[in-house]
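Close look at the chain arrangement
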Amino acid sequence: MVEKIIEMEQKAPPALPEPIKAVQVMDVDKDQHLLTNEEALSCCLEQETVRSSPVCLISIIGEQRSGKSFLMSHMLRQLRHQKASDNSWMTWEEEAESSFPFQDGMDTVTKGVWMWPQPLWVQGPQGKVAVFLVDTEGSLDLQQHMETSIKLCVFSILLSSYQIFNISSKFKRSEEDYLEMFIKVTREVGDTCNLNPLQHLDPLVRDWQLFHDYGAEGGRKYLDHIQANLRKSPGHDTVLQVLQAETTQCYLLPHPGMRFIGKSEGTLADMSEPFRHHLRAYVTGVVDSAGTSFRTNSKGNMLTGGELMERIKGISQYLNNKNYGFSSPCTMVKSFANIRTVQRIKEKYSEFLQEQDESTQDMVQCLKVKLSKMRQHLNQKLQDFKQKCEAELQGKEAQKQEILKELEKDLGEKMEAYLKKYQKRYRKKIMMAGLAVGGSALALAGGAIGAVTAGMIAAEVAYIATGTAVGAGGLGAVGAGVGAAVARFVARRKTQNTTVHYSKGIAGEGEVIDDSENMPLLRGVNG
């Protein structure tokens, strides 16, 4: 018996399970390139229970040392103890080892994008939803390369379905600039991987002191105040659109108290009562909405963990290949100004094209402007807008020229799209005028439009059909004569595929004109 006791005493105690830690899914190398840890991402999103299930990813971005990891750790506690009938989940201090690390001081603990590897299940409208928490550190770090910071945030936003934007004290111009860039870049990158760029946004204002309305109600008032200020000056449309969306909710958290700030690992007892109350309310509200905040594609369709993994794979490579020119806060401000200038020029050119479209709906007005003249007119306006943009751009000359090159390409595409539309309209108007020809109809049109216009119509019909310019003087009689000639041309055109012999008055007598390449045109108009 004694021997057994001694043997038992000599045996080592059973090892405690290793505490779960967040895994790094995005890192940054010495050259400021993003490095995606696809293995870690796959372990989270493609594990057996998650691969075919809807997923909700709650992510947080913001300035360094602003309590992001602290908030994520409390979110984790609440998700682990959803069945708690009271607020006891906030008192589980022993879970500190199994959380997102945080500390006081000047330096951050976690660099890059970190993700909680265990799915935390909540009930959704159509079944269970796997919730993951994502913490982004060094995202808006002054010691971090500015462009890298933006790209880290963009990756975090595209990964998430519920985005928290952690803001210190109040919504400042810097937050507006950051938010505008996040929106623009996530929309651009989201298009490449078929992801809804920004599903839900919570501007979470920490250490709020301007007035004593905290929480969601105070957040609604403050959000209205921000929007009113943005409307007072132009150039804030992108941010306004997002802040006005139903999926954006502002929340105000009071200061946690000096006792809490002075300790490296602040506890519940160290928090001020107002902070503890509103922290509890905010975390509970986010968790309660997680079941309906599952990740969707650009069309709003639900994505499973496996489907999200497939879309997220190429994002880091795409971002590494892009250069947004944000080497410092100063260059970022200039870039924002340039973005607004370019956007305004694009809008002005689109308005100009719309005016051209409206002014050429009428047959006579349309036929007065040939396709070549319309092209010349639109291109001249394009160059005028380009010069105007060049005069307003800021920064180095090389960057300006790159922006102007992209602008000219974009406006050129708009111009070509409109010219293609105008060409169809122009040809249709000509054929309508020419085909008013059955019998003596064009004679009436000739009387109404006038001999000059009728002559022009006939010349344009002949030009489009034959590819050969024909002078109005060589067309012979205008009116019934033109109508009859065009009618004969159309009738003959339907029966011949390669060559057409025209009688005197439309072309030279016995002249043969190869018209085969214009067959699709007339077939499209008439057929």
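No experiment lies behind these values; they were computed from the predicted model shown. (Residues numbered from 1 in each chain as written. Predicted model: local features only at pLDDT ≥ 70, side-chain atom pairs only at ≥ 80, totals over all residues. Heavy atoms only, no water.)

A word on the overall build of the chain
Counting its regular elements, the chain contains 19 helices and eleven strands. Long-range contacts, defined here as pairs at least 24 residues apart, represent 74% of the contacts in the chain between residues at least 6 apart. For the chain, the exposed surface amounts to about 26300 Å²; the carbon and sulfur share of it is 52%. (Helix = DSSP H or I, 4+ residues; strand = E, 2+ residues; numbered from the N terminus. Contact = heavy atoms within 4.5 Å. Areas by Shrake-Rupley, 256 points an atom, 1.4 Å probe, with all protein chains shown as cover.)

Section: the pattern of salt bridges
Should the charged atoms of two oppositely charged side chains come close, the side chains can pair. With the rule as written, the count across this model stands at 15 salt bridges. Of the charged contacts, one joins E176 and R173 as a salt bridge, the two residues approaching to 3.6 Å between their closest N and O atoms. Of this pair, E176 and R173 both sit in helix α5 (residues 173–193), separated by three residues, roughly a single helical turn. By relative accessible area, E176 is classed as buried at 4%. With a shortest N-O distance of 3.6 Å, E392 and K388 are connected by a salt bridge. Of the two residues, E392 and K388 both sit in helix α14 (residues 371–392), four residues apart, roughly one turn of that helix. Judged by relative accessible area, which is 28%, E392 ranks as partly exposed. If you follow the salt bridges from partner to partner, you end up with R173, E176 and D177 in one network. (Salt bridge = Lys/Arg side-chain N within 4 Å of Asp/Glu carboxyl O. Buried < 20%, exposed > 50% of the residue type's maximum accessible area, 1.4 Å probe, protein only.)

Observations regarding unusual backbone geometry
Negative phi values dominate among residues other than glycine, just as trans dominates among peptide bonds. Although it is not a glycine, S169 sits at a positive phi angle of roughly 75°. Among the secondary structure elements, S169 is positioned in the loop between β7 (162–168) and α5.

Thoughts on the environment of S69
Relative to the assigned elements, S69 resides in helix α3 (residues 68–80). We classify S69 as buried; its relative accessible area is 5%. Sequence separation of S69 and V134 is 65 residues, and the distance between their C-alpha atoms is 9.4 Å.

What to know about the packing of aromatic side chains
Applying the stated rule across the entire model yields nine aromatic pairs. Ring centres of F165 and F182 lie 6.1 Å apart, and the angle between their planes is 75°; on these two criteria the pair is classed as edge-to-face. Of the two residues, F165 sits in strand β7 while F182 sits in helix α5, which places them 17 residues apart along the sequence. For the pair formed by F165 and F182, the shared burial category is buried. On the basis of an interplanar angle of 45° and a centroid distance of 4.8 Å, the ring pair of Y251 and Y282 is categorised as tilted. Residue Y251 is found in strand β9 (residues 251–252), and its partner Y282 is found in helix α9 (residues 273–289); the two are separated by 31 residues along the sequence. Like Y251, the residue Y282 is buried in the burial classification. Each member of the aromatic cluster is reached from another via a ring pair, and the members are F165, Y178 and F182. (Phe/Tyr/Trp six-rings, centres within 6.5 Å; stacked < 30°, edge-to-face > 60°.)

Some details on the pairing of strand β3 (residues 55–62)
Of all eight residues making up β3, eight are buried, and the element is well covered by its neighbours. Of the two faces of β3, the one carrying V55, L57, S59 and I61 and the one carrying C56, I58, I60 and G62 are both buried. Pairing between β3 and strand β6 (residues 127–137): six bridges, direction parallel. Along β6, the bridge assignment pairs V55 with A130. As defined by bridge partners, β3 adjoins β7 across five bridges and the pair is classed as parallel. Of the residues in β7, the one forming a bridge with G62 is N166. (Pairing = 2+ DSSP bridges.)

Here we look at the packing of helix α2 (residues 38–45) against helix α10 (residues 305–312)
Two numbers describe how α2 lies on α10: the axes approach to 9 Å, and their chain directions differ by 160°. Considering the angle they form, α2 stands roughly antiparallel to α10. For the pair α2 and α10, the sense of crossing is right-handed. Facing α2, whose interface residues are E38, L41, S42 and L45, α10 presents G305, G306, L308, M309 and I312. Classifying every residue of the contact of α2 with α10 by side-chain character gives five nonpolar, three polar and one charged. (Axes fitted to C-alpha atoms, helices over the stretch in contact; angles between N-to-C directions. Parallel < 35°, antiparallel > 145°, perpendicular 65-115°, else oblique. Left-handed = near helix turned anticlockwise from the far one by under 90°. Nonpolar A, V, L, I, M, F, W, Y, C, P; charged D, E, K, R; others polar.)

Here we look at the side chain of S160
Relative to the assigned elements, S160 resides in the loop between α4 (146–159) and β7. With near-sequence residues (within four places) excluded, S160 lies in contact with L57, S59 and R295.

Concerning the environment of L195
With respect to the secondary-structure elements, L195 resides in the loop between α5 and β8 (201–206). Since its relative accessible area comes to 1%, L195 is described here as buried. For the pair L195 and R311, spaced 116 residues apart in the sequence, the C-alpha separation amounts to 7.5 Å. Among residues more than four places away in sequence, those in contact with L195 are L158, G190, R295, T296, N297, S298, L303, L308, R311, I312 and I315.

Here's the deal with the environment of R340
In this structure, R340 sits in helix α12 (residues 329–359). When the C-alpha atoms of R340 and D237 are compared, they prove to be 9.5 Å apart, with 103 residues separating the residues in sequence. When sequence neighbours within four positions are dropped, the list of residues in contact with R340 reads R173, E176, D177, E180 and G235.

Overview of the confidence of the model for the chain
Mean pLDDT for the chain: 76, with 70% of residues reaching 70 or above. Counting contacts from residues 8–17, a segment whose pLDDT is below 50, to residues more than four positions away or on other chains yields zero contacts. Scored below 50 in pLDDT, residues 463–487 shows 46 contacts in the model against residues more than four places distant or in partner chains. (pLDDT = per-residue confidence, 0-100.)

Section: the packing of α3 against α9
The N-to-C vectors of α3 and α9 enclose an angle of 60°; their axes lie 10 Å apart at closest approach. Helix-helix and strand crossings are classified by hand; for α3 and α9 the assignment is right-handed. Residue-level inspection shows F70, L71, H74, M75, Q78 and L79 of α3 in contact with α9, the latter providing F275, L279, Y282, V283, T284, V286 and V287. Of the residues in the contact of α3 with α9, the class split is ten nonpolar, three polar and no charged.

Concerning the pairing of β6
By the criterion of burial, β6 is predominantly enclosed, with nine of the eleven residues buried. Relative to β6, strand β5 (residues 120–124) runs antiparallel, the two being bridged by five bridges. When the sheet's bridge partners are listed, W121 is paired in β6 with A130. The turn joining β5 and β6, which pair antiparallel and follow one another in sequence, is formed by two residues.

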